[in-house]
Amino acid sequence: GYYVPILPVRHLPDEVYRYPLYRKPLQRNSEGNFPSREEIDFENALSGQELEIAYTSDLVDNFFLHVQGSGVIEYEDGERKLLSWGGVNGHAYRSIGKELIERGEIDRADISAQSIRQWLADNPERNREILSTNPSYLFFSEGPQQPIGAANVPLTPLYSAAVDPKVIPLGSILLAQVPKLDLNGNLVGHEFRLLLAQDKGGAIKGPGHIDWYQGIGEEARFHAGQLKQFGKVWLLLPKISSSKSLVSE
């Protein structure tokens, strides 16, 4: 599951709000690449290029905003802006949840966005080590008021889904058997729902993985963070007639 968070930000950095959200750079390095996550977040590789949109108070919030792909920021004067997907740095995506499981830090059965956040909060001295295992970095663009997916249409909570367009074409209609969870995030069954393939993401690669859009704000954040179960998806296609009348002479 994914959602659109709301983050408090500042126009200018101070002692608390000092972690930038960036637009996509115009210049690449001599190898034709953009910097990695570690180079951007911990070595200030983009400083001085006037790419900063706003400043947050928590680098972990920035990381999860990158994973979500879009979010609403709220400045100190109450102004809100929607940040949408503005490109990536081209480095391969690596799940830090998978990294923490493989290192024995979090049990596979307990992995979720909430458990990952809690581990990072409990181990601040290791945040650079773990966050940097995912070199992929997302840049933002300041967009319209409604969250817009990669298909360039507004996202609808509980109906929009992010897919790998190489596997499922954008614009497709999906019949999905999605997990049904209780208030504690435990699986209690599945339900059928029509989903629209309207978005994509750096973490969604290959068959067997879609992200289900949950909406904006805290309730959507909770539900998105609990979704990690298996389901089934069918790609619905129009019936193609084999009639000779459809074949041009």
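Further up the page is the structure itself.
Read on for a plain summary of the structure. Being a predicted model, the structure only gives us computed values, none of them experimental.

## Considering the pairing of strand β3 (residues 19–22)
Phase 1 of the analysis: Burial along β3 is two-sided: the face carrying Tyr19 and Leu21 and the face carrying Pro20 and Tyr22 are both buried.
Phase 2 of the analysis: Bridge count for β3 against strand β4 (residues 52–56) is four bridges, and the pairing is antiparallel. Bridged to Tyr19 within β4 is Thr56.

## A look at the pattern of salt bridges
Phase 1 of the analysis: Taken as a whole, this structure holds 15 salt bridges when the rule is applied.
Phase 2 of the analysis: A salt bridge links Glu43 to Arg128, with the nearest nitrogen and oxygen atoms 3.5 Å apart. Residue Glu43 is located in helix α1 (residues 37–43), and its partner Arg128 is located in helix α5 (residues 127–131); the two are separated by 85 residues in the primary sequence.
Phase 3 of the analysis: Residue Glu74 is joined to Arg80 by a salt bridge in which the shortest nitrogen-to-oxygen separation is 2.9 Å.
Phase 4 of the analysis: Each of Arg94, Glu99, Glu102, Arg103, Glu105, Arg126 and Glu129 takes part in salt bridges that share partners, so that together they form one network.

## Re the sheet that holds strand β6 (residues 80–88)
Phase 1 of the analysis: Strand order in the open sheet formed by four strands is β2-β5-β6-β7, and the pairing between neighbours is mixed. Single-partner strands in this sheet number two, and they are β2 (6–8) and β7 (138–142). With strand direction ignored, the average angle separating the axes of adjacent strands in the sheet is 40 degrees.
Phase 2 of the analysis: The sheet contact formed by β6 and β7 spans four bridges and is antiparallel. Bridged to Val88 within β7 is Leu138.

## Quick word on the sheet that holds strand β9 (residues 173–181)
Phase 1 of the analysis: Spatial strand order, β1-β11-β8-β10-β9-β12: six strands in an open sheet with mixed pairing. Sheet topology places β1 (2–4) and β12 (232–236) at the edges, where each strand pairs with a single neighbour. Sheet twist, expressed as the mean angle between neighbouring strand axes with direction ignored, is 45 degrees.
Phase 2 of the analysis: The sheet contact formed by β1 and strand β11 (residues 211–216) spans two bridges and is parallel. Considered in β11, the bridge of Val4 is made with Ile216.

How each quantity is defined
Residues numbered from 1 in each chain as written. Predicted model: local features only at pLDDT ≥ 70, side-chain atom pairs only at ≥ 80, totals over all residues. Heavy atoms only, no water. Buried < 20%, exposed > 50% of the residue type's maximum accessible area, 1.4 Å probe, protein only. Helix = DSSP H or I, 4+ residues; strand = E, 2+ residues; numbered from the N terminus. Pairing = 2+ DSSP bridges. Salt bridge = Lys/Arg side-chain N within 4 Å of Asp/Glu carboxyl O. Axes fitted to C-alpha atoms, helices over the stretch in contact; angles between N-to-C directions.

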